[in-house]
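The primary structure of each chain is shown beneath.
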Amino acid sequence: MTQKIALIGFGTVGQGLVEILQEKIDELDERYGYRWKITGVCDNRFGTVCHMDGLDPEVLLREAANGSLQTHRMAGDVKQFLDECNADVVVEMTYTNLSDGEPALSHCRYALEKGRHVVTSNKGPAALHFRSLSALAKKNRVRFLIEGTVMSGTPVLNLMDGPLQGCRVESVRGILNGTTNYILTCMEEGMAYADALAKAQELGYAEADPTGDVEGYDARAKVTILANVVMGADLPIEKVSCMGITAITPDDIAAARQKGKRWKLIGAVERNGGDVSASVKPEMVPLDHPLAGVSGATNALTVVTDLLGDVSIVGPGAGRMETGFSILTDLLTIHRSS
Ligand code: HSE
């Protein structure tokens, strides 16, 4: 059966996903019997297009590059779009809002209520409302999958849910924001903070509003997701202490180097008896520590488990194809379980 996909948000990640789907069209069919069509795309800058027979990916990418989706254009709001494009899976990729999760939260809720699977890399709904959205998905016998919300396509959530199932996670600790790690790496090489941030934006690592990255809010959302998804907590994001990298100066970087250390923005979650606590803050890490060697937009996470001890995973934490891949892996999970 061909999986019908609707995309809400057609920015960097959405376009990366379409490029991957198109590039791997034969391979996905041969290896997994996975066939797909995109029945709709809704984007607040480019407009909304919808067609039951499937939209042409090359036309979508070309029209988006020209600033407006034109072919099979439709009017109406997101709910009308979701009703008309009749997709099996809705992929939510609008901008992350960590205050109330909107508008992504309403998109996810509506799609789940209508019995559509939802895949998202949007940290708003995942960090703020994971429990209620998962319950809604269960009630409607569909999936709510969020692999791309933490470490982009590097499989953290799926790792815990799959190969590491049966382990109890005692704590997690690592580098969870690509933009800040990239900026810190560039600053160590002598680049000014503003130039490094501009480069991170150009490379597609930063959020639409990069304040979320540099003030640590993005990493805070990710540790909240880890606490709630991987460690079974019910931790509100406001309870996670948070400090970003904006106060780190070139002098601080030089001082760390003199001590044989390097600044990293560290996210951590710990289980203390029945409680789970979490934090995000810059730390000076000794140069011989494994996290010190993780540079650029790369992320790393060490998961301390009861049965296997420490398990570490290092991989991309942001980027067009990297996050596009995270969506693909969730689409395949849905395909393989249906
Ligand atoms: N802005 C995020 C980062 C993107 O830099 O890690 C991936 O969540």
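Here is what the cut-offs are and how they apply
- Residues numbered from 1 in each chain as written.
- Predicted model: local features only at pLDDT ≥ 70, side-chain atom pairs only at ≥ 80, totals over all residues.
- Heavy atoms only, no water.
- Pairing = 2+ DSSP bridges.
- Helix = DSSP H or I, 4+ residues; strand = E, 2+ residues; numbered from the N terminus.
- Buried < 20%, exposed > 50% of the residue type's maximum accessible area, 1.4 Å probe, protein only.
- Arc of directions from axis to C-beta.
- Contact = heavy atoms within 4.5 Å.
- Polar contact = N/O pair within 3.5 Å; in protein donor to acceptor, adjacent residues only side chain to side chain.
- Phe/Tyr/Trp six-rings, centres within 6.5 Å; stacked < 30°, edge-to-face > 60°.
- Lys NZ or Arg CZ within 6 Å of the ring centre and 35° of its normal.

**Some thoughts on the sheet that holds strand β5 (residues 117–120)**
Item 1. Strand order in this open sheet of 6 strands is β3-β2-β1-β4-β5-β6, and the pairing throughout is mixed. For this open sheet the edge positions go to β3 (47–50) and β6 (144–145), each flanked by a neighbour on one side alone.
Item 2. Here strand β4 (residues 89–92) runs beside β5; their pairing, made up of 4 bridges, is parallel. Bridge pairing in β5 links Val-89 to His-117.

**Topic: helix α4 (residues 78–85)**
Item 1. Of all the residues in α4, the buried ones are Phe-81, Leu-82 and Cys-85. Within α4, the buried residues cover an arc of 95 degrees as seen down the axis, which keeps them to one side.
Item 2. Each element contacted by the buried residues of α4 is listed here: β1 (2–8), β2 (35–43), β3, β4 and α5 (104–113).
Item 3. Backbone nitrogen of Lys-79 and a side-chain oxygen of the N-cap are separated by 3.3 Å at the start of α4; the cap is Asp-77.
Item 4. Looking at the residues trailing α4, positive phi occurs at Asn-86, about 50 degrees.

**Some points on the packing of aromatic side chains**
Item 1. This structure, assessed with the given rule, holds 2 aromatic pairs.
Item 2. Summarising the aromatic geometry, the rings of Tyr-182 and Tyr-205 are spaced 5.4 Å apart at their centres and angled 65 degrees between planes, so their arrangement reads as edge-to-face. On the criterion of sequence distance, the pair formed by Tyr-182 in helix α8 (residues 178–188) and Tyr-205 in the loop between α9 (193–202) and α10 (211–214) is long-range, its members being 23 residues apart.
Item 3. Classification of Tyr-182 by relative accessible area gives buried; the value is 13%.
Item 4. A cation over an aromatic ring shows up here: Arg-45 above the ring of Phe-46, its NZ or CZ 4.7 Å from the ring centre.

**Observations concerning the sheet that holds strand β12 (residues 309–316)**
What links the strands of a sheet is backbone hydrogen bonding, and the strands pair in either a parallel or an antiparallel sense.
Item 1. Spatial strand order, β8-β10-β9-β7-β11-β12: 6 strands in an open sheet with mixed pairing. With one partner strand each, in any of the chains shown, β8 (241–242) and β12 form the two edges of the open sheet.
Item 2. Note: strand β11 (residues 298–305) against β12, 8 bridges, orientation antiparallel. Following the sheet pairing, Thr-302 is matched in β12 by Ser-312.

All quantities given are derived from atomic positions and should not be read as evidence of function.
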